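Close look at the chain arrangement
Next come the chains, spelled out residue by residue.
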Amino acid sequence: MTLDAMDWVWTRAKSRGNARLVLLAVADATTGPDATARMGTAEFMRRLAASRSTTRAAVDAALASGELIEDEPAQGSRATRYKIPGAVGYVRTYRATGPESGPIAETTPGPESGPLPATGPNPGPSTGPESGPPADIPDTLFGTEIRPPMGPDSGPHHSPIEGVSEGVRERGREVAVIPEFARPLVDQITAAQIYPAWTLAPAEWFIVDSLIKRSGPDMLAAAAVQAAQRARNGVAHARYFLRAWQALPPAPAPGTVPAAAPARPASNVIPLDRAQPRGRVAQSADYLAEALAAMEAQQ
């Protein structure tokens, strides 16, 4: 079942980059037809030969693609059980091999043809232009073009995401390469005078792409500005925003009416109304003044 699951990942899975390595790691650990395996973060780190943050980002990307699911959460000392749904019950296709794939003995035409007897010294393997494929045989095998492993075609078969690379090196330093789908988000954050480094790994760009499709670039940009304002020492790398972005809700459906702002509480200060009757203290003061005036008149 391990070989069947790995064959499914190689031939059917759409995940790329480190997310694809996560699928291969789980497929290599499967032992039954249910395509499940228990693996923890330390095991993923060992199989991917990557740091903890890169490994977690790769696992999150594989889960976001839907090609890997958590079949049973971690409990106590037992690690999480992961499943590759597409590999359940999958059986790889076998190709016929055997002696017929070996070299064909040279024969002479006719019914009594057989191997030609050796004559003269062995000239050794042929070299020069004649060692290439014959002119009347196409340079293909079973419809697949055969090319030497050199030139641009010798690089990786797939880019992790369309237009995404982990950054190029220019004279020994990394230069951020922003994919086209992330330009509106990056431009809004840059316009707010926030300048983090954008040298994200391919698996992290995959997460950013999924979050943009779920919540929209405006919501992500506003959350990034708020996070940068709360950061005591500023934000040095865009990876700082990923955790806050993953906690955001999906974008509201078109036409949703915003909730009305709550009414402001009434003030508990009673304005002074000078037309109201005077209180007991004021009346007592007036009475005392009249009494003193009467006493002075009697004297």
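In the block above lies the structure referred to throughout.
This one's a predicted model, so the numbers in the text were calculated from it and none came from an experiment.

So, the overall build of the protein chain
Looking only at helices and strands, one finds nine helices and seven strands in the protein chain. Taken across its 299 residues, the protein chain has 25% of its residues classed as buried. Long-range pairs, those at least 24 residues apart, make up 61% of the contacts in the protein chain between residues at least 6 apart in sequence. Approximately 21900 Å² of the protein chain is accessible, and the part contributed by carbon and sulfur atoms is 55%.

Looking at the pattern of salt bridges
Counted under the stated rule, the structure contains 10 salt bridges. Where Arg 38 meets Glu 72, a salt bridge forms, and the shortest distance between an N and an O atom there is 2.8 Å. One end of the pair, Arg 38, is in strand E1 (residues 36-38); the other, Glu 72, is in strand E2 (residues 69-72), and 34 residues separate them in sequence. Owing to a relative accessible area of 31%, Arg 38 belongs among the partly exposed residues under this scheme.

Quick look at the side chain of Thr 80
Inspection of the secondary structure puts Thr 80 in the loop between E2 and strand E3 (81-83). Classification of Thr 80 as buried rests on a relative accessible area of 12%.

Examining the nonpolar core
Side chains of a nonpolar character, in soluble globular proteins, are inclined to be buried together. In terms of nonpolar packing, the biggest core is built from 52 residues, with Phe 44, Ile 189, Phe 241 and Trp 245 touching the most fellow members. With residues near it in sequence (within four places) discarded, Phe 241 still touches Ile 189, Ile 194, Pro 196, Ala 224, Ala 227, Ala 228 and Val 235.

Regarding the side chain of Ser 15
Locating Ser 15 in the fold gives a position in the loop between helix H1 (2-12) and helix H2 (17-29). A distance of 3.2 Å separates a polar atom in the side chain of Ser 15 from a polar atom in the side chain of Ser 65. Those residues in contact with Ser 15 that sit more than four places away from it in its chain are Arg 20, Leu 23, Ser 65 and Glu 67.

Concerning the packing of H2 against helix H4 (residues 52-65)
For the pair H2 and H4, interaxial distance at closest approach is 8 Å and the crossing angle is 80°. Comparing their axes, H4 and H2 come out roughly perpendicular. Contact residues: H2 offers Asn 18, Ala 19 and Val 22, while H4 offers Thr 54, Ala 58, Val 59, Ala 61 and Ala 62.

Description of the layout of surface pockets
When its volume is computed, the largest pocket comes out at roughly 290 Å³. What lines the largest pocket is simply Arg 52, Ser 53, Arg 56, Ala 57, Asp 60, Glu 204, Ile 207, Arg 239, Leu 242, Arg 243 and Gln 246. Elements that contribute at least two residues to the lining of the largest pocket include exactly H4, helix H6 (202-215) and helix H8 (242-246). Considering every element that reaches the lining of the largest pocket, the biggest residue donor is H4, with five residues.

Conventions used here
Residues numbered from 1 in each chain as written. Predicted model: local features only at pLDDT ≥ 70, side-chain atom pairs only at ≥ 80, totals over all residues. Heavy atoms only, no water. Helix = DSSP H or I, 4+ residues; strand = E, 2+ residues; numbered from the N terminus. Buried < 20%, exposed > 50% of the residue type's maximum accessible area, 1.4 Å probe, protein only. Contact = heavy atoms within 4.5 Å. Areas by Shrake-Rupley, 256 points an atom, 1.4 Å probe, with all protein chains shown as cover. Salt bridge = Lys/Arg side-chain N within 4 Å of Asp/Glu carboxyl O. Core = buried A, V, L, I, M, F, W, Y, C linked by side-chain atoms within 4.5 Å. Polar contact = N/O pair within 3.5 Å; in protein donor to acceptor, adjacent residues only side chain to side chain. Axes fitted to C-alpha atoms, helices over the stretch in contact; angles between N-to-C directions. Parallel < 35°, antiparallel > 145°, perpendicular 65-115°, else oblique. 1 Å grid on protein atoms, 1.4 Å probe; cavity = no way out; pocket = protein on both sides within 12 Å on 5 of 7 lines; lining within 4 Å. Points joined across faces, edges and corners; volume = space filled by probe spheres on them.

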